[in-house]
Amino acid sequence: MAQQINEIMTADPTTVAPQTPIVEVARLMREEDIGEVLIAEGDHLRGLVTDRDLVVRAMADARDVETTTAQDVGSTDLVTCSPHDEVPEAVRLMREHALRRLPVLDGDALVGVVSLGDLAVEEDRGSALGDISATEPNR
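Presented here is a report on the structure given in the accompanying data block. Everything numeric here is computed off the predicted structure, so don't read it as measured data.

1. Comments concerning the layout of surface pockets
In this structure, the second largest pocket spans a volume of roughly 440 Å³. As for the second largest pocket, its lining consists of 16 residues, and the residues nearest its centre are Leu48, Thr50, Leu99, Arg100 and Arg101. Within the residue set of the lining of the second largest pocket, elements represented by two or more residues are β4 (44-50), α2 (51-57) and β5 (101-106). At four residues, the largest contribution of residues to the lining of the second largest pocket is made by α2. Across the lining of the second largest pocket, the residue classes tally to six nonpolar, three polar and seven charged.

2. Notes on the environment of Val111
Positionally, Val111 belongs in strand β6 (residues 109-115). Distance in space between the C-alpha atoms of Val111 and Asp43 is 7.7 Å, their sequence separation being 68 residues.

3. Some points on the side chain of Thr14
Relative to the helices and strands, Thr14 resides in the loop between β1 (10-11) and β2 (15-16). Note on Thr14: relative accessible area 18%, which makes it buried. At a separation of 2.6 Å, a polar atom in the side chain of Thr14 contacts the side chain of Glu32. Once residues within four sequence positions are removed from consideration, Thr14 is found in contact with Leu28, Glu32, Ile34, Val37 and Leu38.

4. Remarks on unusual backbone geometry
The backbone phi angle of Asp33 is positive, close to 55°, even though this residue is not glycine. Examined against the element boundaries, Asp33 turns out to sit in the loop between α1 (22-32) and β3 (36-41). On the basis of relative accessibility, which here comes to 33%, the residue Asp33 falls in the partly exposed class. Despite not being glycine, Ala62 shows a phi value in the positive range, around 55°.

5. Here's the deal with the environment of Ile39
In this structure, Ile39 sits in strand β3. Residue class for Ile39 comes out buried when judged on its relative accessible area of 2%. When the C-alpha atoms of Ile39 and Val25 are compared, they prove to be 9.9 Å apart, with 14 residues separating the residues in sequence. Excluding residues that lie within four positions of it along the chain, Ile39 makes contacts with Val16, Ala17, Pro18, His44, Leu45, Arg46, Gly47, Leu48, Val49, Ala70, Gln71 and Gly74.

6. Considering the pairing of β3
Look at any regular strand and the pattern is simple: side chains alternate between the two faces of the sheet. Counting buried residues in β3 gives five out of six residues, a clear majority hidden from the surface. Across two bridges, β2 lies against β3 in parallel orientation. Across the sheet, Thr15 pairs through a bridge with Leu38, a residue of β3. Handedness of the β-α-β unit built from β2, α1 and β3 comes out right-handed. Taking the residues between adjacent antiparallel strands as the criterion, β3 and β4 are bridged by two residues, where Gly42 takes a positive phi near 65°.

7. A short note on α1
Among the residues making up α1, those that are buried are Ile22, Val23, Val25, Leu28 and Met29. Where α1 is buried, its residues touch β2, β3, β4, α2 and α3 (70-73). Phi turns positive one or two residues past the end of α1, at Asp33, with a value near 55°.

The rules behind the values
Residues numbered from 1 in each chain as written. Predicted model: local features only at pLDDT ≥ 70, side-chain atom pairs only at ≥ 80, totals over all residues. Heavy atoms only, no water. 1 Å grid on protein atoms, 1.4 Å probe; cavity = no way out; pocket = protein on both sides within 12 Å on 5 of 7 lines; lining within 4 Å. Points joined across faces, edges and corners; volume = space filled by probe spheres on them. Helix = DSSP H or I, 4+ residues; strand = E, 2+ residues; numbered from the N terminus. Nonpolar A, V, L, I, M, F, W, Y, C, P; charged D, E, K, R; others polar. Buried < 20%, exposed > 50% of the residue type's maximum accessible area, 1.4 Å probe, protein only. Polar contact = N/O pair within 3.5 Å; in protein donor to acceptor, adjacent residues only side chain to side chain. Contact = heavy atoms within 4.5 Å. Pairing = 2+ DSSP bridges. Right-handed = clockwise from strand over helix to strand, strands pointing away.

Put into structure tokens, the structure is as follows:
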């Protein structure tokens, strides 16, 4: 069983620049079969855009997908963890802040992301959430 976040995180997560149009963000999510994209400049985290952000903060307000950017709809006040944090710390942070994903920073550098599914598979692969999270996605 993993002890530290760096053992279960997704290293080298998918990122976009702050000025990336959300239509490109959505296409990237589709192509990579992911539900979030981190907003970064170099290896510095600037925010996070989820598929829900695209719906609630863009589509629901009929925003132009070509001119609305990742930084326009993404969250910027993020809770993060370190790759050296213990797995229970990530669970605590997710529970306390009602999060499904935590960017992983080593100092100021973005090095990964850990998701609720990653934790579920690690903690109890036989649980319903662990079993669902371990299943290959539908295409």
